[in-house]
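Now for the letters of each chain:
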Amino acid sequence: MASVTSLTASVEQQLKNALVAALPGAEGADPLLRRSDRADFQANGVLALAKKAKANPRELAAQVVEALPDGEVIKDIEVSGPGFLNITLSDRSILANLAARAEDGARLGVPFTGHPGTTVIDYAQPNVAKEMHVGHLRSAVIGDAVMRLMEFTGENVVRRHHIGDWGTQFGMLIQYLIEHPDELSGGHGDVSEEQAGEEAMSSLNRIYKTSKLAFDQDEEFKDRARRRVVDLQAGDEETLRYWHRFVDESKIYFNSVFGRLDMDIRDEDVVGESGYNAMLEETCRLLEESGVAVRSEGALCVFFEDVLGPDGNQVPLIVKKSNGGYGYAATDLSAIRDRVFHLKADTLLYVVDARQALHFRMVFETARRAGWLGEDVRAVQLAFGTVLGADGKPFKTRSGETVRLVDLLDEAVERATAVVREKDVKGQLGEAEIVERGAQVGIGAVKYADLSTSANRDYKFDLDQMVSLNGDTSVYIQYAYARIQSILRRAEGQFTPAAHPELELAPAERALGLHADAFGEVVREAATEYAPHKLAAYLYQLASLYTTFYDQCHVLSEDNPPAVVENRLFLCDVTARTLAKGLSLLGIRAPKSL
Ligand code: ARG
């Protein structure tokens, strides 16, 4: 494995050196190198430097040009306007750089980060005995992409699925199950994961509804249910046994949904709220002893100067309720202790709905005051916005209910399957392949729509747009990839992709090549900023540049000398591998044909 320095990075370094040579004291100055339409790059950094040094910018720019060493990379550099530098690279360097990437296999020359840390990422956290709805999509999809991006750059990543598997409603559910032991089947016979998941959810739903009814109407049942919560928290064996049945049954359901989302959720990473139960008491004791938390109206509370209610009074974070019960905050505070002191995290990342922002702000601040989050530990909520319906309001069904995640995935796959079927005009795909591709395209479309806007923004769930072959969609990118595969297949046996650095490149080839060369920088940025949308935008741009290349530069044309065919096949191949790697970092499949 060999990492490859991108052309942008090497030109930037050369410019930095030349800036210092031309103007001693310019150490650390940014040449402000950007891709440009006029040449390959434009650097505008001389202007600010000249201003600071009270020098003539055009003269300084000329001195920088003078100071640049003769080399293979920069073919042409000229001063333009008030002191910009227009830079054109040699065709040879573009091809040579890409050839080095192609040789590096699946990493495509992308370096690992110099100083990897340990990040605990908290994502994909549905709630036991509850149906997953559209709100659970984003945490799973964004979290999965960010996790993949970080792992690819070499970060040590610990995954935590903080599922809601604890709390008062379990008293009601468990009591009902004890009184109606056959309601939760548990056995799912010889059925698919998806069927088992659906069966599990439907029995959980039934139990939830009937036990809730009993809880609301039958005072005696209500009492028994309340006592059951106490048993649960006290660790009563029989109660725990029933609780486990709910958790196990729910996991069957979660796994079927995550399976449909093409996500690998490992059992050992599922550490739900219950996993911190044994720490809750100590967490509260430590907070109280240190004075971080105080008693207020019987509850154990943490106050914040700047967190006020509508009446102007401070609204506390409640770590222990007046009835002795622990809530969401106590669990999260305990989880922080576990993640920092036991898992040795230096970054805690929470992929959670923006509506929980205040909770996390208070939890992080409390943990700082308690000394659990030191200066060397970062805690970040990667807060995401809401999925909206066509009307711009939070996505609901026609009858006003929250949308079940599985229904939404079904519909996306159905639409995508129709697109795949329609595209297969020559009838080359068998039914099984159409179904498989339909799932890969449909799920990819849902994920891409979620990932291609920056996480903190809301977005409209618009299936027509998502599965469109035109525009900023995964289908467009997948289609570009499949088109390249078809060219590579046609060439098989006649030509092998090979870079020919002696050849002159057409404008569309240069643009494609330079963009492909920038993959590593985009991946690094997307990983360090937790911004998968930057990778999505990059891939869309790469697919668009490929489309232009495809229109302007025929690959398998009889008019082309063999070297040109091989060189273009090489560009096709590098592009395809970059697209596939990029999509896989977003958790999206790239079918070989569409
Ligand atoms: N289960 C919670 C929900 O559905 C999300 C959990 C987020 N993670 C956390 N550590 N609080 O809203």
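Not measured: the values here are computed from a predicted model. (Residues numbered from 1 in each chain as written. Predicted model: local features only at pLDDT ≥ 70, side-chain atom pairs only at ≥ 80, totals over all residues. Heavy atoms only, no water.)

Undergrad: Got a minute to help me understand the overall build of the protein chain in this structure?
TA: For the protein chain, the helix and strand inventory stands at 20 helices and 13 strands. Counting only C-alpha atoms, the protein chain reaches 85 × 65 × 45 Å along its principal axes. Per-residue burial for the protein chain yields a buried fraction of 53% across its 594 residues. Carbon and sulfur atoms provide 48% of the accessible area of the protein chain, an area that totals close to 27,300 Å². In the protein chain, 65 positive and 89 negative side-chain charges are present, and the distance between their average locations comes to 3 Å. (Helix = DSSP H or I, 4+ residues; strand = E, 2+ residues; numbered from the N terminus. Buried < 20%, exposed > 50% of the residue type's maximum accessible area, 1.4 Å probe, protein only. Areas by Shrake-Rupley, 256 points an atom, 1.4 Å probe, with all protein chains shown as cover. Lys, Arg positive; Asp, Glu negative; His and termini not counted. Charge placed at Lys NZ, Arg CZ, Asp CG, Glu CD.)

Undergrad: Help me understand a negative patch on the surface, please; the structure alone is not making it clear to me.
TA: On the surface, a cluster of negative charge is made up of Asp218, Glu219, Glu220 and Asp223. Relative to the helices and strands, Glu220 resides in helix H8 (residues 219-234). (Patch = residues over 30% accessible without salt bridge, like charges linked within 9 Å, V, L, I, M, F, W, Y side chains within 5 Å. Salt bridge = Lys/Arg side-chain N within 4 Å of Asp/Glu carboxyl O.)

Undergrad: In this structure, what is going on with helix H19 (residues 532-552)? I would like to understand it.
TA: If you check H19, its first and last C-alpha atoms are 30 Å apart, about what 21 residues at 1.5 Å a residue would give, namely 30 Å. Summarising the contacts, the buried residues of H19 are in contact with helix H5 (135-152), helix H14 (431-451), helix H16 (474-491), helix H17 (507-517), helix H18 (519-528) and helix H20 (562-585). (Expected span 1.5 Å × (residues − 1). Contact = heavy atoms within 4.5 Å.)

Undergrad: Honestly, the site of the ligand in this entry has me stumped. Any pointers?
TA: Taken together, Asp122, Gln125, Asn127, His136, His162, Tyr328, Asp332, Tyr350, Val352, Gln356 and Phe360 are the residues near the ligand. At 2.7 Å from a nitrogen atom of the ligand is found a side-chain nitrogen or oxygen belonging to Tyr328. Interatomic distance of 3.0 Å between a side-chain N/O atom of Gln356 and an oxygen atom of the ligand. Elements supplying a minimum of two residues to the shell around the ligand: helix H11 (328-342) and strand E10 (347-353). Counted by class, the shell around the ligand contains four nonpolar, five polar and two charged residues. (Near = heavy atom within 4 Å. Polar contact = N/O pair within 3.5 Å; in protein donor to acceptor, adjacent residues only side chain to side chain. Nonpolar A, V, L, I, M, F, W, Y, C, P; charged D, E, K, R; others polar.)

Undergrad: Just to check I follow, could you spell out the sheet that holds strand E7 (residues 294-296) for this structure?
TA: Picture the strands of a sheet paired through backbone hydrogen bonds; they go either parallel or antiparallel. Read from one edge of the open sheet, three strands run E7-E8-E9, paired in antiparallel fashion. Two strands in the sheet have a free side with no partner beyond their single neighbour: E7 and strand E9 (317-320). Ignoring strand direction, the axes of neighbouring strands in this sheet form an average angle of 50°. Note that E7 and strand E8 (residues 299-302) share three bridges and pair antiparallel. Within E8, the residue paired with Arg295 across the bridge is Leu300. (Pairing = 2+ DSSP bridges. Axes fitted to C-alpha atoms, helices over the stretch in contact; angles between N-to-C directions.)

Undergrad: It is not clear to me how the packing of aromatic side chains should be interpreted in this structure. Could you clarify?
TA: Any aromatic ring pair is given by two values, namely how distant the centres are and how the planes are angled relative to each other. In total, this model carries 11 aromatic pairs according to the counting rule given. Their ring planes at 25° and their centres at 5.2 Å tell us that Phe395 and Phe461 sit as a pair that is stacked. Taken as a pair, Phe395 in the loop between strand E12 (387-388) and helix H13 (405-423) and Phe461 in the loop between strand E13 (459-460) and helix H15 (463-466) lie far apart in primary sequence, 66 residues in all. Exposure remark for Phe395: the relative accessible area of 18% places this residue in the buried category. For Phe461, a relative accessible area of 7% corresponds to the buried category. Note on Tyr476 and Tyr540: the rings are 5.4 Å apart at their centroids and 65° apart in plane angle, and the pair reads as edge-to-face. (Phe/Tyr/Trp six-rings, centres within 6.5 Å; stacked < 30°, edge-to-face > 60°.)

Undergrad: Before we go on, may I ask you to explain the environment of Leu405 in this structure?
TA: Relative to the helices and strands, Leu405 is located in helix H13. Exposure remark for Leu405: the relative accessible area of 0% places this residue in the buried category. Between the alpha carbons of Leu405 and Arg415 there is a distance of 16 Å; along the sequence they are 10 residues apart. Discounting chain neighbours no more than four positions away, the residues touching Leu405 are Met132, His133, Val134, Leu137 and Val257.

Undergrad: Hey, could you run me through the sheet that holds strand E11 (residues 378-384) in this one?
TA: If you trace the four strands from one edge of the open sheet to the other, you get E6-E5-E10-E11, paired in parallel fashion. Of all the strands in the sheet, just strand E6 (156-160) and E11 have a single pairing partner and so form its edges. Strand-to-strand twist in this sheet, taken as the mean axis angle between neighbours without regard to direction, amounts to 20°. Here strand E5 (residues 118-122) pairs with E10 via four bridges, running parallel. Residue pairing in the sheet places Asp122 in a bridge with Tyr350 of E10. Contacts between H5 and the sheet are confined to E5, E6, E10 and E11, with E11 contributing the most and set at about 135° to the helix.

Undergrad: Can you help me understand the pattern of salt bridges in this one?
TA: Side chains bearing opposite charge may pair, as long as their charged atoms lie close to each other. Across all of its chains, the model carries 35 salt bridges by this definition. Arg224 is paired through a salt bridge with Glu179; the nearest N and O atoms lie 2.7 Å apart. Here Glu179 lies in helix H6 (residues 169-179) and Arg224 lies in helix H8, a separation of 45 residues in the sequence. The exposure class assigned to Arg224 is partly exposed, which follows from its relative accessible area of 27%. A relative accessible area of 32% means that Glu179 is categorised as partly exposed. A network of salt bridges, in which partner residues are shared, links Glu282, Arg285, Glu289 and Arg337.

Undergrad: Explain the side chain of Ser211 to me, please; I cannot follow it from the model alone.
TA: Relative to the helices and strands, Ser211 resides in helix H7 (residues 193-217). Here Ser211 falls in the buried class, since its relative accessible area comes to 0%. Among all residues touching Ser211, those that are not within four sequence positions of it are Met172, Leu173, Tyr176 and Phe221.

Undergrad: Explain the environment of Ala449 here, please?
TA: For Ala449, the location among the structural elements is in helix H14. Placed 11 residues apart in sequence, Ala449 and Lys460 show a C-alpha to C-alpha distance of 8.9 Å. Dropping the residues within four chain positions of it, Ala449 is found in contact with Tyr459 and Met466.

Undergrad: Is there a simple way to think about the pairing of strand E3 (residues 74-80) in this case?
TA: For a regular strand, side chains alternate in direction, first toward one face of the sheet and then toward the other. Across six bridges, the pairing between E3 and strand E4 (residues 84-89) is antiparallel. In the sheet register, Ile77 faces E4, and the bridge partner there is Ile87. With antiparallel pairing between neighbouring strands as the criterion, E3 and E4 make up a hairpin whose turn holds three residues, including Gly81 at a positive phi of roughly 55°.

Undergrad: Quick question: what am I supposed to make of empty space enclosed by the protein here?
TA: Gaps between atoms show up when a probe of the same size as a water molecule is rolled over them. Across all of its chains, the model carries two cavities of 30 Å³ or more by this definition. By volume, the largest cavity amounts to about 60 Å³. If you go around the largest cavity, the residues you meet are Ala124, Pro126, His161, Ile163, Lys251, Phe254, Asn255, Phe258, Ile265, Asp267 and Val270. Counted by class, the lining of the largest cavity contains seven nonpolar, two polar and two charged residues. Roughly 40 Å³ of volume is contained in the second largest cavity. In terms of lining, the second largest cavity is formed by Val419, Val420, Lys423, Val441, Leu469, Val475 and Leu594. The biggest single contributor to the lining of the second largest cavity is H13, with three residues. (1 Å grid on protein atoms, 1.4 Å probe; cavity = no way out; pocket = protein on both sides within 12 Å on 5 of 7 lines; lining within 4 Å. Points joined across faces, edges and corners; volume = space filled by probe spheres on them.)

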